[in-house]
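Structural features, examined
One letter stands for each residue in the lines below.
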Amino acid sequence: MKPYIKLLRPKDWIKNTFLFLPLFFSGELFRVESFIMVLEGFFCFSFVASSIYILNDYRDIEDDKKHPEKKFRPLPAGTVEKSVALVMSVLLLVAGTAWGGFINYHFLVILLLYWLLNIGYSLGLKNISILDIFIIAIGFVLRVNAGSVIIQVPLSEWLIIMVFLLAIFLGLGKRRDDVLLKIKSGAEMRQSIKGYNLEFINISSALVSAVLIVAYFMYTMSPEVIERLGTRRLYFTCIFVLAGVFRYLQLIYIKEKSDSPVKILYRDRFIQVSILLWIITFYVILYMKDVTLFN
């Protein structure tokens, strides 16, 4: 079963935890009913995402065979039959959308938009530089919006902007890795890489990271957010956002480990600790403000 499980890329399901952001930021994380509904949405997105991953791998078999890591994926490695993979893709799509329809209509619409967007990505939009990164970023925004409509809480515009910028920032890091592979091997791992070089990505990463940090500072000090959450101390969490961004820049510029952001998240202890401390601090400020000085 290992090749079939690997085909689903369950490690990439961590991206769908963005559905929980509206629940966490709204201060309702411990409402059991809301949490269960978002958890169901998480699995719906994961099933649909795996369906898309399979289709994408199916279309990229020949290109993936040239990649130093992707060549070990089940389809390019030949450990899973193509016909079986396509059947799995259809079943996952049906299961995810059917389940999503039971959650609510608006969630299903977002889920289908996510699927259509990624189908377009798989069928050719991923070959257009800059647009490829923007599509990935829009996918993360759709995840956050999906979490919002499930629990029916409004989203802060700052949160949408931050998620979009964060996805762009991480996407640029991944493209930098592709450029480095092209320089080392001479092979283009994806067509869109023709529109990127190190200088462009370095400048873009610096620009986006700066705007991202400013956006987060603005979010924590936004009068609307302060009034809705009942605390002025969210800016304390900025230090961990800075630490995480600086560490990622250090990895891609100094250590040249601009691998998949998911792999970096699973492997890098500094980023893991930064995220954990951010969550703990945010939790204390938001959920324990009545018993602490953070109000």
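Criteria and cut-off values
- Residues numbered from 1 in each chain as written.
- Predicted model: local features only at pLDDT ≥ 70, side-chain atom pairs only at ≥ 80, totals over all residues.
- Heavy atoms only, no water.
- Helix = DSSP H or I, 4+ residues; strand = E, 2+ residues; numbered from the N terminus.
- Rg over C-alpha atoms; globule rule 2.2 N^0.38 Å.
- Buried < 20%, exposed > 50% of the residue type's maximum accessible area, 1.4 Å probe, protein only.
- Contact = heavy atoms within 4.5 Å.
- Salt bridge = Lys/Arg side-chain N within 4 Å of Asp/Glu carboxyl O.
- Axes fitted to C-alpha atoms, helices over the stretch in contact; angles between N-to-C directions.
- Parallel < 35°, antiparallel > 145°, perpendicular 65-115°, else oblique.
- Left-handed = near helix turned anticlockwise from the far one by under 90°.
- Nonpolar A, V, L, I, M, F, W, Y, C, P; charged D, E, K, R; others polar.
- Core = buried A, V, L, I, M, F, W, Y, C linked by side-chain atoms within 4.5 Å.
- Patch = residues over 30% accessible without salt bridge, like charges linked within 9 Å, V, L, I, M, F, W, Y side chains within 5 Å.
- Areas by Shrake-Rupley, 256 points an atom, 1.4 Å probe, with all protein chains shown as cover.
- Expected span 1.5 Å × (residues − 1).
- Phe/Tyr/Trp six-rings, centres within 6.5 Å; stacked < 30°, edge-to-face > 60°.

1. Examining the overall build of the protein chain
Along the backbone of the protein chain there are 14 helices and zero strands. Secondary structure elements of the protein chain occur, N-terminal to C-terminal, as α-α-α-α-α-α-α-α-α-α-α-α-α-α. Here the C-alpha radius of gyration of the protein chain, 20 Å, is about what a compact globule of 295 residues would show, namely 19 Å. Expressed as lengths along the three principal axes of its C-alpha atoms, the size of the protein chain is roughly 60 × 45 × 30 Å. When the 295 residues of the protein chain are sorted by exposure, 48% land in the buried category.

2. Describing the environment of Ser148
Along the chain, Ser148 turns up in helix α8 (residues 131–151). Note on Ser148: relative accessible area 7%, which makes it buried. For the pair Ser148 and Tyr219, spaced 71 residues apart in sequence, the C-alpha to C-alpha distance is 17 Å. Once residues lying within four places of it in the same chain are set aside, the contact partners of Ser148 are Pro22, Val153, Pro154 and Leu155.

3. Digging into the pattern of salt bridges
Inspection of the entire model under this criterion finds eight salt bridges. A salt bridge links Asp12 to Arg9, with the shortest nitrogen-to-oxygen separation between them at 3.8 Å. As far as the burial class goes, Asp12 and Arg9 line up, both buried. Close ionic contact of Asp57 with Arg9 constitutes a salt bridge, the shortest N to O distance being 2.5 Å. With Asp57 in helix α3 (residues 32–59) and Arg9 in the loop between α1 (2–8) and α2 (21–25), this pair connects stretches of sequence that are 48 residues apart. Each member of the pair Asp57 and Arg9 is classed as buried. One network of salt bridges, with partners in common, ties together Arg9, Asp12, Asp57 and Arg73.

4. Some thoughts on the packing of helix α12 (residues 238–253) against helix α14 (residues 269–287)
Contact geometry for α12 and α14: axes closest at 9 Å, N-to-C directions at 165 degrees. One way to sum up the angle between α12 and α14 is to call them roughly antiparallel. For α12 against α14, the interelement crossing comes out left-handed. Residues Phe240, Val241, Ala243, Gly244, Arg247, Tyr248 and Leu251 of α12 form the contact with α14, whose own contacting residues are Phe270, Ile271, Ser274, Leu277, Trp278 and Thr281. Residue classes in the contact of α12 with α14 are distributed as nine nonpolar, three polar and one charged.

5. A word on unusual backbone geometry
One non-glycine residue, Arg9, lies in positive phi territory at about 55 degrees. Its relative accessible area of 16% is what places Arg9 among the buried residues.

6. Some points on the nonpolar core
In this structure, Phe107, Tyr219 and Phe282 are the most contacted members of the largest nonpolar core, which totals 69 residues. The contacts of Phe107, once residues within four sequence positions are left out, are Leu19, Gly41, Cys44, Phe45, Gly100, Ala146, Val149 and Ile150. Core analysis: the second largest hydrophobic core is formed by nine residues, Leu7, Leu8, Ile61 and Ala85 among them.

7. Points about a nonpolar patch on the surface
There is a patch of nonpolar side chains on the surface, built from Leu125, Ile128, Ile130, Leu131, Phe134 and Phe200 and spanning about 460 Å² of accessible area. Residue placement: Ile128 occurs in the loop between α7 (105–123) and α8.

8. A short note on the packing of α3 against helix α6 (residues 82–103)
Closest axis-to-axis distance for the α3/α6 pair is 8 Å, and the angle between their directions is 155 degrees. When the axes of α3 and α6 are compared, the pair comes out roughly antiparallel. Between α3 and α6 lies a crossing whose hand is left-handed. Classifying every residue of the contact of α3 with α6 gives 16 nonpolar, seven polar and two charged.

9. Regarding α8
For α8, spanning 21 residues, the distance from its first C-alpha to its last is 31 Å, which sits close to the expected 30 Å at 1.5 Å a residue. Within α8, 15 of the 21 residues are buried, leaving the element largely enclosed by the surrounding structure. Residue Gln152 follows α8 closely and has a positive phi angle near 55 degrees.

10. Things to note about the packing of aromatic side chains
Applying the stated criterion across every chain yields a total of 22 aromatic pairs. Judged by centre distance (6.2 Å) and plane angle (65 degrees), the rings of Trp13 and Phe47 are edge-to-face. Remark: Phe47 occurs in helix α3 and Trp13 occurs in the loop between α1 and α2; sequence separation between them is 34 residues. Note on Trp13: relative accessible area 15%, which makes it buried.

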